[in-house]
Amino acid sequence: MTRDFVPGSPFALLSEAETAAWYAYMKVHLRLEYELNRQLRADSGISLADYHVLVALTSVPGGRMRVTDLAIRIGWERSRLSHHLKRMRDRGLVETGTAADDRRVTEVVLSDAGWETLRQAAPDHVGFVREAFLDALGVDEQAQLTTLLERVYDTLVEKGSLPRPDDHP
């Protein structure tokens, strides 16, 4: 399929195959984020952003993490995360405070309500992920997709500005 571009379009700098791959990725990425957010809000009353924070906090013992490390883990700017954490704290999903080992550092911890919200949200969310994403692929295709996405992720870490999170070996 040949694509016509507006003169000066940055996509005119990509080959047809590169453009097709990038557009396919962007279509899936944008639609998937919309649908995941819609599903979580409808079924659990939380946003996809809330879910990202809650899940990231479960990746460490005790559900406690420095705000800077959490921002790196989910790929957000620290200021965006700080504002979002305030809203989550106001809803009782997380607690924030200073770190015991360094009073200059702010930590965030999953509250009991946050753990319970995640426990209740997870089954419907995972069901939707399976139905809307994983079931579209065979087992071999899932393995191929995993390999390809891990390669892209490694390149992003290498070329990007955020360090690799501790729990992403």
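Preceding this section is the structure that the text describes.
This write-up is about the structure you can find in this document. If you're wondering where the values come from, they're calculated on a predicted model, not measured in any experiment. (Residues numbered from 1 in each chain as written. Predicted model: local features only at pLDDT ≥ 70, side-chain atom pairs only at ≥ 80, totals over all residues. Heavy atoms only, no water.)

A word on the overall build of the chain
Cut-off, in case you're wondering: In this description a helix means any DSSP run of H or I spanning at least four residues, a strand means any run of E spanning at least two, and both kinds are numbered starting from the N terminus. Residue burial is assigned from relative accessible area. The probe radius is 1.4 Å, only protein chains are included, and a residue is buried under 20% of its type maximum, exposed over 50%, and partly exposed in between. The protein chains shown are the only cover counted for residues, whose accessible areas, like all others here, come from Shrake-Rupley with a 1.4 Å probe. His is not counted here, nor are the chain ends, while Lys and Arg score as positive and Asp and Glu score as negative. To locate a charge, take atom NZ for lysine, CZ for arginine, CG for aspartate or CD for glutamate.
For the chain, the helix and strand inventory stands at 6 helices and 3 strands. Within the span of the chain, comprising 169 residues, buried residues form 27% of the whole. Accessible area for the chain stands at about 11400 Å²; split by element, carbon and sulfur atoms hold 55% of it. Here the chain contributes 21 positive and 26 negative side-chain charges, whose respective centroids are spaced 6 Å apart.

Considerations on the packing of aromatic side chains
Where we set the bar: Ring pairs are drawn from Phe, Tyr and Trp, using the six-membered ring of Trp, whenever the two centres fall within 6.5 Å, and their geometry is named by plane angle: stacked under 30 degrees, edge-to-face over 60, tilted for the rest. By definition, being over a ring means that NZ of Lys or CZ of Arg is both within 6 Å of the ring centre and within 35 degrees of the ring normal.
As enumerated under the stated definition, the model contains 1 aromatic pair in all. Relative to Tyr25, the ring of Trp22 has its centre 5.4 Å away and its plane inclined at 35 degrees; by these criteria the two rings are tilted. Pair noted here: Trp22 and Tyr25 are both in helix α1 (residues 16-44), with a separation of 3 residues, about one helical turn. We classify Trp22 as partly exposed; its relative accessible area is 41%. One cation-aromatic arrangement involves Arg80 over Trp76; the distance from NZ or CZ to the ring centre is 3.8 Å.

Remarks on the side chain of His125
Let me state the cut-off plainly: The contact definition used throughout considers only heavy atoms, calling two residues in contact when any of these lie within 4.5 Å.
Examined against the element boundaries, His125 turns out to sit in helix α5 (residues 112-132). On the basis of relative accessible area, His125 is assigned to the buried category, the value being 6%. When sequence neighbours within four positions are dropped, the list of residues in contact with His125 reads Leu36, Gln39, Leu40 and Tyr51.

Considering the environment of Ala113
One can find Ala113 in helix α5. Classification of Ala113 as partly exposed rests on a relative accessible area of 38%. For the pair Ala113 and Leu93, spaced 20 residues apart in sequence, the C-alpha to C-alpha distance is 5.4 Å. In this structure Ala113 touches Gly92 and Leu93, once residues within four positions along its chain are discounted.

Observations regarding the sheet that holds strand β3 (residues 106-110)
Sheet strands pair via backbone hydrogen bonds, and the direction of the pair is either parallel or antiparallel. To be explicit about the condition: Pairing between strands is defined by DSSP: at least two bridges between the two strands are required. Note on definitions: angles span 0 to 180 degrees between N-to-C directions of axes, and those axes are lines fitted to C-alpha atoms, for helices only across the stretch in contact.
With respect to topology, 3 strands assemble into an open sheet ordered β1-β3-β2, the strand pairing being antiparallel. The sheet is open, and its two borders are formed by β1 (64-66) and β2 (94-98), each paired with just one other strand. Taking the axes of each pair of neighbouring strands and ignoring which way they run, one obtains an average angle of 25 degrees across the sheet.

Topic: the packing of helix α2 (residues 48-57) against α5
Operational definition: To sort the angles, those under 35 degrees are grouped as roughly parallel, those over 145 as roughly antiparallel, those from 65 to 115 as roughly perpendicular, and the leftovers as oblique. Crossing handedness is defined as follows: a turn of the near helix away from the far one that is anticlockwise and smaller than a right angle gives a left-handed crossing, while the clockwise case is right-handed. Only Asp, Glu, Lys and Arg are considered charged in this grouping, and only Ala, Val, Leu, Ile, Met, Phe, Trp, Tyr, Cys and Pro are considered nonpolar; every other residue, Gly among them, is considered polar.
It is at 10 Å that the axes of α2 and α5 come closest, and there the two elements cross at 110 degrees. Viewed along their axes, α2 and α5 adopt a mutual orientation that is roughly perpendicular. Helix-helix and strand crossings are classified by hand; for α2 and α5 the assignment is left-handed. Here α2 contributes Tyr51, Leu54 and Val55 to the contact with α5, which in turn contributes Gly114, Thr117, Leu118, Ala121, Ala122 and His125. The class makeup of the residues in the contact of α2 with α5 is 6 nonpolar, 3 polar and no charged.

Observations regarding the pattern of salt bridges
Stated formally: Salt bridges are defined by distance alone: a side-chain nitrogen of Lys or Arg within 4 Å of a carboxyl oxygen of Asp or Glu.
The full count for this structure, using the stated rule, is 9 salt bridges. Across the pair Asp50 and Arg91 runs a salt bridge, and its minimum N-O distance is 2.5 Å. Taken together, the residues span a long stretch of sequence, with Asp50 in helix α2 and Arg91 in the loop between α4 (78-90) and β2 at a distance of 41 residues. For Arg91, a relative accessible area of 43% translates into the label partly exposed. Between Arg64 and Glu107 there is a salt bridge, with its nearest N and O atoms 3.3 Å apart. Residue Arg64 is located in strand β1, and its partner Glu107 is located in strand β3; the two are separated by 43 residues in the primary sequence. The class for Glu107 is buried, based on a relative accessible area of 13%.

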